[in-house]
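Examination of the molecular architecture
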Amino acid sequence: MQGLGNSAKRTSYIRVLIRCMGPTRRPRVRHAALRAVSDARGELASITNDSMPQGVDAQLLDELSRALFSAVRPNDDRDSGPDASFRKNRDEHYISLVFALTTNDEWCQRLIRDGHGKRCISLIDDVCRRVSWCLGSYLVVIFGRIDPSGRPIVARDTWRLLIVHTWDGYLRHGVEHDDYVNAISALVTATWPSLLDSDNDVPREWLVDLIQKVHGVLVGLPVQNKAPPIRKGQPRSLADAALSSAQGLYDDLSRMIEHTNTPQRENGSWKEIHV
């Protein structure tokens, strides 16, 4: 079915999906239902208390949120098989879905309440070590929507792993999709707490590696090289904001590294750095 279906069948279709994601269902059935919900994520993210489609109410969406959790983690004690704590195909759909839903404040609160924030935190290590970098970018944005302050919500080393992994992904793969352009400002906000460590214990090697990645991303930003900034016609101001925030981070990192007597710059870019 396309999206959530027509208005006459929407409620019954959502209820079918909820039943299919129940913890007693076979993993294949749960994961297929999760994918169907993820495919309708744009439609779901647009639903608010003031714009409920016919037959849909907050109680039904609450049930859906709880079912989504059981679809990806019906058991807490399995580390292998179809219900392992991490499954690439399953969790790609899950993270993409949460990324879309958290654009809606009502959905964001619902997901936090039902444990999806903690679920996303539990995926950081696997996302950084075994999966496509873009999911790390999505996680950074999700965490920024959960806590706009940008404060780390996990252990310091885990947070730094996610930050560097995401910058490295931008550096290696470029910034072409509008979601990634928009995520840069969130990534900059999330990077700052790693620099302002309460113990003043930011490894110099980490700073040097980070600034090299930030510089590489800046050079490759579409606005910087005059290429069209986005694919779907979003305002150029969003790409400009991404450039401005990344440039500000780079400038501040430069001052931090110069203060610690790390390498000199040449012609506006970093020379080879020996740590």
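Below, the structure is looked at part by part. Since this is a predicted model, take the numbers as computed values, not measurements.

Things to note about the packing of aromatic side chains
The geometry of an aromatic ring pair is captured by the separation of the ring centres together with the interplanar angle, meaning the angle of the planes. As enumerated under the stated definition, the model contains 3 aromatic pairs in all. Relative to W159, the ring of F143 lies with its centre 6.1 Å away and its plane at 40°, an arrangement referred to as tilted. With F143 in helix α9 (residues 133-146) and W159 in helix α10 (residues 156-173), this pair connects stretches of sequence that are 16 residues apart. The ring of F99 is capped by R145, whose NZ or CZ atom sits 4.7 Å from the centre of that ring.

Concerning α9
In this model α9 runs 20 Å from its N-terminal to its C-terminal C-alpha over 14 residues, within 8% of the 20 Å that 1.5 Å per residue would give. For α9, the complete set of buried residues consists of W133, C134, L135, G136, S137, Y138, L139, V140, V141, I142 and F143.

Observations regarding the packing of helix α4 (residues 58-72) against helix α5 (residues 88-101)
Following both chains from N to C, one finds α4 and α5 inclined at 155°, their axes separated by 11 Å at the closest point. Relative to α5, α4 is oriented roughly antiparallel. Classified by chirality, the crossing of α5 by α4 is left-handed. Contact residues: α4 offers L68, A71 and V72, while α5 offers R90, D91, Y94, L97 and L101. In the contact of α4 with α5, the residues fall into 6 nonpolar, no polar and 2 charged.

Comments concerning the pattern of salt bridges
Once the charged atoms of two side chains with opposite charge are near each other, the side chains can pair. Applying the stated criterion to the full structure yields 13 salt bridges. Of the charged contacts, one joins D83 and R30 as a salt bridge, the two residues approaching to 2.8 Å between their closest N and O atoms. Note that D83 is positioned in the loop between α4 and α5 and R30 in helix α2 (residues 27-39), a separation of 53 residues in sequence. A residue is classified by how much of its surface remains accessible, and D83, at 3% relative accessible area, is buried. Given a relative accessible area of 1%, R30 falls into the buried group. A cluster of three or more residues bridged by salt bridges with shared partners is formed by D62, R110, R113 and D114.

Criteria and thresholds
Residues numbered from 1 in each chain as written. Predicted model: local features only at pLDDT ≥ 70, side-chain atom pairs only at ≥ 80, totals over all residues. Heavy atoms only, no water. Phe/Tyr/Trp six-rings, centres within 6.5 Å; stacked < 30°, edge-to-face > 60°. Helix = DSSP H or I, 4+ residues; strand = E, 2+ residues; numbered from the N terminus. Lys NZ or Arg CZ within 6 Å of the ring centre and 35° of its normal. Expected span 1.5 Å × (residues − 1). Buried < 20%, exposed > 50% of the residue type's maximum accessible area, 1.4 Å probe, protein only. Axes fitted to C-alpha atoms, helices over the stretch in contact; angles between N-to-C directions. Parallel < 35°, antiparallel > 145°, perpendicular 65-115°, else oblique. Left-handed = near helix turned anticlockwise from the far one by under 90°. Contact = heavy atoms within 4.5 Å. Nonpolar A, V, L, I, M, F, W, Y, C, P; charged D, E, K, R; others polar. Salt bridge = Lys/Arg side-chain N within 4 Å of Asp/Glu carboxyl O.

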